[in-house]
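Residue-level structural notes
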Amino acid sequence: MMNVVVVVILGFLTFSISVISSLNSDGVSLLALKSAISCDPSEFLSSWSEFDSSACHWNGITCDENQKVTSISLSAKNLSGYIPSEIGALSSLSILSLSYNDFSKPIPIHLFNATSLHSLDLSNNAFTGFLPQQITSLINLQHLDLSANFLNGSLPQDLTHLTHLTGTLNLSYNRFSGQVPANYGKFPVTLNLDLRHNNLTGKIPSVGSLLNQGPTAFSGNPFLCGFPLETPCAEPEVQKPQLTPNQEVEVGFVGKGKSGNGSVAVSLISGVSVVIGVMFVSVWVLRRKWKLDEGKMGKEKLEKLPEEGQKGKYVVLDEGFGMELEDLLRASAYVVGKSRSGIVYKVVAGGGAKVVAVRRLSEGDATWRLKEFETEVEAIGRVQHPNVVRLRAYYYASDEKLLVTDFIRNGTLHNALHGRLGNNFPPLSWAARLKIAQGIARGLMHIHECNPMKYVHGNINSTKILLDDDLQAYISGFGLTRLVSGSSKPINSSTKKLSTSQIIVSPQNSTSSCTMYVAPEVRVPGSKFTQKSDIYSFGMVLLEILTGRLADGGSELEDDRKGLESLVRKIFTEQRPLSEIIDPALLNEVHAKKQVIAAFHIALNCTELDPELRPRIRTVSDNLDHIKLQ
């Protein structure tokens, strides 16, 4: 009898091992994660079965064509447990998102063996301990969010070794202590740095990209001081050493603050740093509008806005808008974007009941008087269409100009197509892409035809197309090219309309990242944007939608450096397979092949080198609307 029991047990174990061995090594690692999870109230992981031959259809798991796990997305599932070391064995894992759960214990060192990680989001959990130095092994990491945990110790200086970390570094709401490492100034300016609500101390180093950060990045650390915070660092009175020729010079900038004699000193090493320091510190001293406030999200408030012999002027363009200046002053504000046209804030008022976007304009070399600014902005406000972001209000003062628009919450088309650090957008279907393209065309048609002055957008690209939760497209940035253009001076009294034929191309208008969207005839400094150049830009966006490639993506495959338009045109001219250029995410939608080809032809017509050969936007919109989903 005993022998029978032993045989049965051994047989069961053999069967179990053979079943598990039918999974590849990635599946076995995921089962280790499931075993480490002690609580799964929604039974989200019930589909993770050791009896499956593949883990690729399990909830929250995405694989590549080789059945290798590329993404684990388990956010907000109320899971409790810890991360097992086996997750580090997932060699193709690029996204790990465990945010808004109750994972605890220290972050395992072996997790950082998963060197393919591009995005690591462990925010809003209960992880403890130090942040291991081995995190620098994640050489491909672009987005790191460890906020709202119980991590402690000093900030790792070696994080700057993560040279691809260009999107987000969020270490807020933890228990990190010590000083902000000076070499954090080596992070790129584009990095969204968030160190709020820790126990950091000392002076914020005034070097490199740290000079570009607003107070949002550092608030909630009561013992931090210096720019951009409003807490000046105490200057030692006892030690006042005299300068010798070999010592660094500390350049002081003194301006009037609340006490009337506040000052900030910035140590600058090079001439370039001096220029940057003067610019940013002057802005801080003269325009301290965003005031720190305590709160869960690192809240900011607008202080009293500047005056020019009189109070600034706040104008509501939409009678039903219902948000006055005082609402903005009391609201919480979060930086959501920076560009040449200024900083964009998400402003949340009324306990979350009202959410708007506020753009603080950077005027460039343009100098707008009140009446001229009113004329321009109110003309923008009259352009109202379901596919154009609505301007609701504006504020004018001599050195402060704000535009208040609707907040479109689902990000940009660029993020949806190419992925954003921390944004787990699923691939857009053909139906969604067609809907987006049709919406952009309708919005641009309204801009072009709503006024006899023949309005021009002047900066159509995928970052200017916003998407809502239903993937409805909204054109943003209309009028900004004129308002911030360095070569676009206020128009005279005889032409006080938003005649954007006055928009002139300057070197600032044609940055390398956006040049491929600009029509060839207006890439020359001094040229004027036209409606035909808008058509070219729209065609480039449409090619981006169809191929999933960046506008300059053609040079990645061929060394002609002529961009996406040239590559697509060549493939069509040589009658090569469509699979060479279409977004791989669309290949499975075989039924849409004829529709996709029709859309390609529309895009190629829009991007003709001769502007006279490009169709009007009404024709483009009609042709896109004629593409019917089957």
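Refer to the structure printed above.
Residues numbered from 1 in each chain as written. Predicted model: local features only at pLDDT ≥ 70, side-chain atom pairs only at ≥ 80, totals over all residues. Heavy atoms only, no water.

1. Quick word on the sheet that holds strand 10 (residues 150–154)
Here is the rule: By definition, two strands form a pair when at least two bridges between them are found by DSSP. Counting from the N terminus, the helices are the DSSP runs of H or I reaching at least four residues and the strands are the DSSP runs of E reaching at least two. Here a residue-residue contact requires only that any non-hydrogen atoms of the pair lie within 4.5 Å. Axes here refer to lines fitted to C-alpha atoms; in helices the fit is confined to the stretch in contact. Angles between the N-to-C directions go from 0 to 180 degrees.
Spatially, 1-4-6-8-10-12-14-15 is the arrangement adopted by the 8 strands of the open sheet, whose pairing is mixed. The open sheet has two edge strands, strand 1 (37–39) and strand 15 (223–225), and neither has a second partner. Bridge count between strand 12 (residues 175–178) and strand 14 (residues 199–203): 2 bridges; the pairing is parallel. Looking at the pairing, Ser177 lines up with Asn199 of strand 14. Packing of helix 2 (residues 25–36) onto the sheet brings it into contact with strand 1, strand 4 (80–81) and strand 6 (102–106), and relative to strand 1 it is tilted by some 35°.

2. Some thoughts on the packing of aromatic side chains
Test applied: The pairing test for Phe, Tyr and Trp rings, Trp by its six-membered ring, is centres within 6.5 Å, and the orientation test on the planes gives stacked under 30 degrees, edge-to-face over 60, and tilted for anything in between. Relative accessible area decides the class of each residue, using a 1.4 Å probe on protein chains only: under 20% of the type maximum gives buried, over 50% gives exposed, and in between gives partly exposed. In this analysis the charged atom, NZ for Lys or CZ for Arg, is taken to sit over a ring once it is within 6 Å of the ring centre and within 35 degrees of the ring normal.
What the rule picks out here adds up to 7 aromatic pairs. With a centroid separation of 6.4 Å and 5° between ring planes, the pair formed by Phe103 and Phe127 is classed as stacked. Of this pair, Phe103 sits in strand 6 while Phe127 is found in strand 8 (residues 126–129), placing the two residues 24 residues apart along the sequence. For the pair shown, Phe103 and Phe127 are each scored as buried. With a centroid separation of 5.3 Å and 50° between ring planes, the pair formed by Phe572 and Phe600 is classed as tilted. Of this pair, Phe572 sits in helix 11 (residues 563–573) while Phe600 sits in helix 12 (residues 593–606), and the two are 28 residues apart along the sequence. On the accessibility criterion, Phe600 (0% relative accessible area) is buried. Over the face of the ring belonging to Phe44 we find Lys77, whose NZ or CZ atom lies 4.7 Å from the ring centre. Positioned over the ring face of Tyr82 is Lys105, at 4.3 Å from the centre of the ring.

3. Here's the deal with the sheet that holds strand 3 (residues 69–73)
Across the sheet, 7 strands lie side by side as 2-3-5-7-9-11-13; this open sheet has mixed pairing. The outermost strands of the open sheet, each flanked by one partner alone, are strand 2 (61–63) and strand 13 (192–194). Neighbour to neighbour, the strand axes of the sheet diverge by 10° on average, direction disregarded. As paired strands, strand 7 (residues 119–121) and strand 9 (residues 143–145) are joined by 3 bridges and run parallel to one another. The residue of strand 9 that forms the bridge with Leu120 is Leu144.

4. Topic: the environment of Val315
Structurally, Val315 is set in strand 20 (residues 313–316). Residues within four places of Val315 in sequence aside, it is in contact with Glu378, Arg392, Ala393 and Tyr394.

5. Side note on the pairing of strand 6
As judged from the 2 bridges shared by strand 4 and strand 6, these two strands associate in the parallel manner. For Ser80, the partnering residue across the bridge sits in strand 6 and is Asp102.

6. Quick notes on helix 5 (residues 370–381)
What sets the pattern is the α-helix's 3.6 residues per turn: residues three or four places apart point alike. The cut-off we apply is this: In this analysis, the expected span of each helix is defined as 1.5 Å times one less than the number of residues it contains.
The end-to-end C-alpha distance of helix 5 is 16 Å, a good match for the 16 Å that 12 residues give at a rise of 1.5 Å each. The element helix 5 is extensively covered by neighbouring structure, given that 9 of its 12 residues are classed as buried. All buried positions along helix 5 are accounted for by Leu370, Glu372, Phe373, Glu374, Glu376, Val377, Ala379, Ile380 and Gly381.

7. Points about the packing of helix 7 (residues 430–449) against helix 13 (residues 617–625)
We apply this condition: For classification, angles of less than 35 degrees are called roughly parallel, those exceeding 145 degrees roughly antiparallel, those between 65 and 115 degrees roughly perpendicular, and all remaining angles oblique. Here a crossing is taken to be left-handed if its near helix is turned anticlockwise relative to the far helix by less than a right angle, and right-handed if that turn runs clockwise. Three residue categories are used. Nonpolar comprises Ala, Val, Leu, Ile, Met, Phe, Trp, Tyr, Cys and Pro, charged comprises Asp, Glu, Lys and Arg, and polar comprises the others, including Gly.
Closest axis-to-axis distance for the helix 7/helix 13 pair is 9 Å, and the angle between their directions is 155°. Considered as vectors, helix 7 and helix 13 are oriented roughly antiparallel to each other. Here helix 7 and helix 13 pass one another in a crossing that is left-handed. Contacts between helix 7 and helix 13 involve Leu434, Ala437, Gln438, Ala441, Arg442, Leu444, Met445, His448 and Glu449 from the former and Ile617, Arg618, Ser621, Leu624 and Asp625 from the latter. Split into classes, the residues belonging to the contact of helix 7 with helix 13 amount to 7 nonpolar, 3 polar and 4 charged.

8. Quick look at the pairing of strand 8
As defined by bridge partners, strand 6 adjoins strand 8 across 3 bridges and the pair is classed as parallel. Within the sheet, the bridge partner assigned to Pro106 lies in strand 8 and is Thr128. Sheet topology places strand 8 next to strand 10; 2 bridges connect them, and they run parallel. Of the residues in strand 10, the one forming a bridge with Gly129 is Leu151.

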